Amino acid sequence: MSWQTYVDTNLVGTGKIAKAAVLGLQGGVWASSPGFTISPEEQKAIVSGFSSPDTLQASGVRLEGQKYFTLSVDGRSIQTKKGADGAVIVKTKQAVLVAVYISPNQAPEVTPIVEGLADYLISVGY
């Protein structure tokens, strides 16, 4: 399956996620929703945020130039909010899944979708 299929079918195709991207841990966008552009600086901040959670807690996460407040960060997941909307970001062995949701969808509905795909990718070496 292509990376774009994961974005289109497994994430956005669920109807719970408005836009999504798969980033490489070493940099670069492997796939994304049409028009969902995460700048190289934003990508780098997300990837480095997993090892420096204090920075993300203090400054938040930026996606497409929009600031999302960081609710939690651990070695695998970042939960963010921007008003009633938010993003769930999950790291695998080689990639980072970024999923943005829009109200009325909320993190408890979106997180299992993103975590489930991450678990699958980890199981196949990604």
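How each quantity is defined
Residues numbered from 1 in each chain as written. Predicted model: local features only at pLDDT ≥ 70, side-chain atom pairs only at ≥ 80, totals over all residues. Heavy atoms only, no water. Helix = DSSP H or I, 4+ residues; strand = E, 2+ residues; numbered from the N terminus. Polar contact = N/O pair within 3.5 Å; in protein donor to acceptor, adjacent residues only side chain to side chain. Contact = heavy atoms within 4.5 Å. Expected span 1.5 Å × (residues − 1). Buried < 20%, exposed > 50% of the residue type's maximum accessible area, 1.4 Å probe, protein only. Arc of directions from axis to C-beta. Patch = residues over 30% accessible without salt bridge, like charges linked within 9 Å, V, L, I, M, F, W, Y side chains within 5 Å. Areas by Shrake-Rupley, 256 points an atom, 1.4 Å probe, with all protein chains shown as cover. Salt bridge = Lys/Arg side-chain N within 4 Å of Asp/Glu carboxyl O. Pairing = 2+ DSSP bridges. Axes fitted to C-alpha atoms, helices over the stretch in contact; angles between N-to-C directions.

**Focus on the side chain of Glu-115**
Thought 1: By secondary structure assignment, the location of Glu-115 is in helix H4 (residues 107–123).
Thought 2: Reaching out from Glu-115, the side chain makes a polar contact with the side chain of Arg-76 at a distance of 2.6 Å.
Thought 3: If we skip the residues at most four places from it in the chain, Glu-115 touches Arg-76, Ser-77 and Val-90.

**Considerations on H4**
Thought 1: Look at H4: 24 Å from first C-alpha to last across 17 residues, which is about the 24 Å you get at 1.5 Å a residue.
Thought 2: All of the buried residues in H4 are Ala-107, Val-110, Thr-111, Val-114, Glu-115, Leu-117, Ala-118 and Leu-121. Projection of H4 onto a plane perpendicular to its axis shows the buried side chains occupying an angular sector of 160 degrees, all on one side. In H4, the exposed positions angled more than 90 degrees off the buried face are occupied by Pro-108, Pro-112 and Ser-123.
Thought 3: Looking at the buried side of H4, the elements it contacts are helix H1 (3–11), strand E5 (77–82), strand E6 (85–91) and strand E7 (95–101).
Thought 4: Directly beyond the C-terminal end of H4, a positive phi value near 95 degrees is found at Gly-125.

**Details of a nonpolar patch on the surface**
Thought 1: On the surface, Trp-30, Tyr-120, Val-124 and Tyr-126 cluster together into a nonpolar patch covering about 370 Å² of accessible area.
Thought 2: Relative to the assigned elements, Val-124 resides in the segment after H4.
Thought 3: Here Val-124 falls in the partly exposed class, since its relative accessible area comes to 43%.

**Looking at the sheet that holds E7**
Thought 1: Taking strand neighbours across the sheet as the criterion, the 7 strands line up as E2-E1-E7-E6-E5-E4-E3 in an open arrangement whose pairing is antiparallel. Either end of the sheet is taken by a strand with one partner, and the two such strands are strand E2 (29–32) and strand E3 (61–63). Each neighbouring strand pair of the sheet contributes to a mean axis angle of 25 degrees, computed without reference to strand direction.
Thought 2: Pairing of E6 with E7, which is carried by 6 bridges, proceeds in the antiparallel orientation. When the bridges of E7 are listed, Val-88 appears paired with Ala-99.
Thought 3: Lying over the sheet, helix H2 (residues 40–49) contacts strand E1 (19–24), E2, E3, strand E4 (66–73), E5, E6 and E7, oriented at roughly 145 degrees with respect to E3.
Thought 4: Contacting E5, E6 and E7, H4 runs over the sheet at an angle of about 160 degrees to E7.

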